[in-house]
Structure formats: structure tokens, C-alpha cells
Amino acid sequence: MKQLVIAERVCLIGHIVSMVFGLVGILLVVPHAEIILNLAEIGQTAMQWSLAGGGVVYMILGAAAVSLYAYRTLGLGLWLSFLLPSVLISLSSELLGTSTGFPFGHYSYLSGLGYKIAGLVPFTIPLSWFYVGCVAYLLARAGLEVDKKPSLWRHLGAIALGALLLTSWDFVLDPAMSQTSLPFWYWQQPGAFFGMPYQNFAGWIGTGSVFMTVAALLWRNTPIKLERSQLNLPLIVYLSNFGFATVMSLAAGFSIPVLLGLFLGAVPAVVLWWKTQSTSTDAAVEPASNKVQIAPVKVALK
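Within an unreviewed UniProt entry, the label attached to the protein reads Carotenoid biosynthesis protein, and the organism entered is Fischerella major NIES-592.

Okay, here's the thing in C-alpha cells:
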């Protein structure tokens, strides 16, 4: 178990460091290529690595960190029962979207995110759906106390809120990533929301809700009771990815998507984490009685 924790933390740290390198490369190096010439050899190598494969590496490390966390805290069965639906359903939506324009709108992926499945969708994209979707759903499920006070409405609320947290990340990420100096995808028919069609958000909500619903059904017989300290990694992963998207959007001059994402995503994520109990209270402790009972003692008299 200790080895799993170490590997999990290494992947998490690598995930965050890769995002930082990606920001430096996209926002500083690409617009000012002469910066590379002024760096030491190790700096030039790092920047070249960042530009060539930083996007691929940070998504793989993010998926690895969340996978190790889910395996360690939830178990093999629950981890796979979220991983497989999220990857397969999101990939199906992405392939359908890049082929037909449904459910997100008409868009295409450019290079920079790795090998494209069927020549359309980078293999890293379903991984990002998985790891951000998983942490979003776990935060929503724990914050709404689905497993402590189970009910249909709480289950539905966790699915809806988890999908909203996932989509709020896209509010901030999509405008910048499609319009930066080194774009990773582009909209064939730009929409009214900072270049994105409103249909895109419906597609994100719908896709996230579908695979979270499948996971909830597969998890229905296994209560998942996580304490606040056990949700630190989900919160860190969510906020670090939100922070990456925020820096990208602010650098591109998009402040409204950031404010919308803060209101609907980052702040609710922190609140949900805070609402989760910090210690387990499953076993009720009865108050100690102030009365002391003295066993009767028989005295034999001669």
C-alpha cells in the first residue's frame, strides 16, 4: 500500500509539473521563440519536450494518479466500473462529434495531444474525461452524503452536480485551448460563447451525466464512505486542472468564462470537500453515565 501511495503522489506531482511546463511553453515560448535560444541546454531540452509532448504527458499522468487513487481507496472493481464507462462513452461522443457535429458541434482536433483514434480523436481525450469526471463525481457524491443518507434524489443530485463540475472546467478550458497561439482543436462553426457553440455545453453535461449514471448503477450495492482527508487528491486534481485552464483563458483575455467556472465549478468543489466529514462517525457513542453502580456485597456475621 505504501508503494501505491508513493506512486500516486509521484504521478500527481508530475501531472502538475507537466501542466506548468505546458503553460510556459504555450504562453511564453511559442509567442517568443527567441527565449529558447537564451536558455541553457537543459532548459532548451525541457522546453522542446514541453512543446512536443507536454499535453500528452500531463493527461497520462493525471489519469494514472486518479487510477492509483481510485484503486487504493475504492478497490479494483469500483475503479474499473468508472474507468471503462467514462472512457468508452466519452470516446463514442467525441468520435460522433468530430464526425457529425453531434453532440458538441462541428470541431476537429489538431496535433499536440497524441495519436488520434480513427484519425479523429486523440487517445488522451477520453483519459481526461475519466480523471476529471471521476474526481468531480466523487466530490459531488461525498458532499451530498449519498452513501450516508442514500435516496434517489441524492443519487440524481450527485450525477447532475458531478456533470456540472466537469462542464464548468470546460467553460474555462475550451475558449483558450481552441484560440491560443498553439491551438489543440478548432471550431468549424464558431459559436456565440467566446467562440464556442452553446451546444457544446449540452454535449458535455449529457456525456458526463451518462457515464456517471452508469457508474452509479454499477456502484449501487457498494457504499462509498470517504472522509475529507481522503478527498484531498480529487480536490487537488480538480483545482489544478481548473487553474491550468484559468491561466490559459486569462492570458487569452477571456475573464467571463473564468468567473462562470469559478461560480459553477471551483467554489462548489471546495464547498463539497469541506462539507464531507473529517472523521468517521458511523458508530454512535453513547454518553457515559454519571451514576456508578455498586454491586451488593453480602457480609456474613458470626
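> Can you lay out the overall build of the protein for me, pointing to particular residues and giving the numbers?
What the protein contains, in helices and strands, is 9 helices and 4 strands. The secondary structure elements of the protein, listed N-terminal to C-terminal, are α-α-α-α-β-β-β-α-α-β-α-α-α. Taken over 302 residues, the protein has a buried fraction of 48%. In the protein, once contacts between residues fewer than 6 apart in sequence are set aside, the share between residues at least 24 apart is 77%. With an accessible surface of roughly 15,100 Å², the protein has 68% of that area assigned to carbon and sulfur atoms.

> Hey, could you go over the UniProt feature "transmembrane region" (unreviewed entry) in the protein for me, with residue numbers and the actual values?
Here the UniProt feature "transmembrane region" (unreviewed entry) sits at residues 12-30, 50-71, 78-97, 117-140, 152-172, 201-219, 231-250 and 256-274. With 95% helix and 0% strand, residues 231-250 has its two end C-alpha atoms placed 28 Å apart. Along residues 256-274 the backbone is 100% helical and 0% strand, and the end-to-end C-alpha distance reaches 26 Å.

> Describe the confidence of the model for the protein, and please don't skip the residues or the numbers.
For the protein, mean pLDDT is 87; residues scoring 70 or higher make up 83% of the total. Summarising per-element confidence for the protein, the mean pLDDT is lowest in helix H2 (residues 34-37) (62) and highest in helix H5 (residues 124-143) (98). Long-range and interchain partners of residues 280-302, a stretch whose pLDDT sits below 50, account for 3 contacts in this model, where long-range means more than four residues apart.

> Tell me about a nonpolar patch on the surface, residues and numbers included.
On the surface, Leu259, Leu262, Val267 and Val271 cluster together to form a nonpolar patch covering roughly 340 Å² of accessible area. Relative to the assigned elements, Val267 resides in helix H9 (residues 256-275). On the accessibility criterion, Val267 (48% relative accessible area) is partly exposed.

> Which residues make up helix H6 (residues 152-177), and what are the values?
An ideal rise of 1.5 Å per residue puts 38 Å on 26 residues; H6 measures up with 37 Å between its terminal C-alpha atoms. For H6, the principal kink sits at Phe171 and spans about 30 degrees; a proline, Pro175, occurs within the next four residues.

> Explain the environment of Thr207 to me, and be specific about the residues and the numbers.
Position of Thr207 relative to the elements: it lies in helix H7 (residues 198-218). Here the alpha-carbon distance between Thr207 and Ile89, two residues 118 residues apart in the chain, equals 7.2 Å. Those residues within four positions of Thr207 in sequence are excluded, and the remaining contacts are Ile89, Ser90, Ser93, Pro103, Phe104 and Trp129.

> I'd like a description of the packing of H5 against H7, backed by residues and values.
The interhelical angle for the contact between H5 and H7, taken along N-to-C directions, is 65 degrees, at an axis separation of 11 Å. Of the possible angle classes, the one that applies to H5 and H7 is roughly perpendicular. The element H5 and its partner H7 pack so that their crossing is right-handed. Contacts between H5 and H7 involve Trp129, Gly133, Tyr137 and Arg141 on the former and, on the latter, Trp204, Thr207, Gly208, Phe211, Met212 and Ala216.

> Help me get a handle on the packing of H6 against H7, residues and values and all.
With their axes 8 Å apart at the nearest point, H6 and H7 run at an angle of 145 degrees to one another. With respect to the hand of their crossing, H6 and H7 are arranged in right-handed fashion. Where H6 abuts H7, its residues Ile159, Gly162, Ala163, Leu164, Leu166, Thr167, Trp169, Asp170, Phe171 and Asp174 lie against Asn200, Phe201, Trp204, Ile205, Gly208, Ser209, Phe211, Met212, Thr213 and Ala216. Of the residues assigned to the contact of H6 with H7, the class counts are 12 nonpolar, 6 polar and 2 charged.

> How would you sum up the packing of aromatic side chains? Please name residues and give values.
Each pair of aromatic rings is reported with the distance of its centres and the angle of its planes. A complete count under the given rule lists 23 aromatic pairs for this structure. On the numbers, 6.1 Å between centres and 50 degrees between planes, the contact of Phe104 with Trp129 is tilted. Taken together, the residues Phe104 in the loop between helix H4 (76-100) and strand E1 (107-109) and Trp129 in helix H5 connect sequence positions 25 residues apart. Under the relative-accessibility criterion, Phe104 is labelled buried at 2%. In this structure Trp129 comes out as buried when scored by relative accessible area, which is 1%. The interplanar angle of 50 degrees and the centroid separation of 5.7 Å between the aromatic rings of Tyr137 and Trp219 together place this pair among those described as tilted. One end of the pair, Tyr137, is in helix H5; the other, Trp219, is in the loop between H7 and helix H8 (232-251), and 82 residues separate them in sequence.

Definitions and cut-offs
- What you see as residue numbers is a count from 1 along each chain, following the sequence as written.
- Given that this is a predicted model, residues contribute local features only at a pLDDT of at least 70 and side-chain atom pairs are listed and counted only at 80 or more, while totals for whole chains, interfaces and linings are drawn from all residues.
- Note that the side-chain values use all heavy atoms of the structure and ignore hydrogens as well as water.
- Secondary structure counts use DSSP, requiring at least four H or I residues in a row for a helix and at least two E residues in a row for a strand, with both numbered from the N terminus.
- Only protein chains enter the accessibility calculation, which uses a 1.4 Å probe; a residue whose area is less than 20% of its type maximum is buried, one above 50% is exposed, and one in between is partly exposed.
- The criterion used for residue contact is that any of the two residues' heavy atoms lie within 4.5 Å.
- The protein chains shown are the only cover counted for residues, whose accessible areas, like all others here, come from Shrake-Rupley with a 1.4 Å probe.
- UniProt positions are given in the numbering used here, feature names are shortened, and annotations may be inferred rather than shown by experiment.
- pLDDT is a per-residue confidence score from the predictor, ranging from 0 to 100.
- Distance thresholds for patches are 9 Å for like charges and 5 Å for nonpolar side chains (Val, Leu, Ile, Met, Phe, Trp, Tyr), applied to residues having over 30% relative accessible area and no salt bridge.
- Any Lys or Arg side-chain nitrogen located within 4 Å of an Asp or Glu carboxyl oxygen qualifies as a salt bridge.
- To estimate how far a helix should extend, the number of its residues minus one is multiplied by 1.5 Å.
- Note on bend: the value at a residue is the angle between axes fitted to the seven residues ending there and to the seven starting there.
- Axis definition: a line fitted to C-alpha atoms, limited for helices to the stretch in contact. Angles are taken between N-to-C directions and run from 0 to 180 degrees.
- Here is the rule for angles: anything less than 35 degrees is roughly parallel, anything more than 145 is roughly antiparallel, 65 through 115 is roughly perpendicular, and the remaining ranges are oblique.
- Working rule for handedness: look at the near helix, and if it is turned counterclockwise from the far one by less than a right angle, call the crossing left-handed; if clockwise, right-handed.
- Residues were grouped as follows: Ala, Val, Leu, Ile, Met, Phe, Trp, Tyr, Cys and Pro as nonpolar; Asp, Glu, Lys and Arg as charged; and all remaining residues, including Gly, as polar.
- Here is the rule: rings of Phe, Tyr and Trp (six-membered ring for Trp) pair when centre to centre is within 6.5 Å. Planes less than 30 degrees apart are stacked, more than 60 are edge-to-face, and the remainder are tilted.

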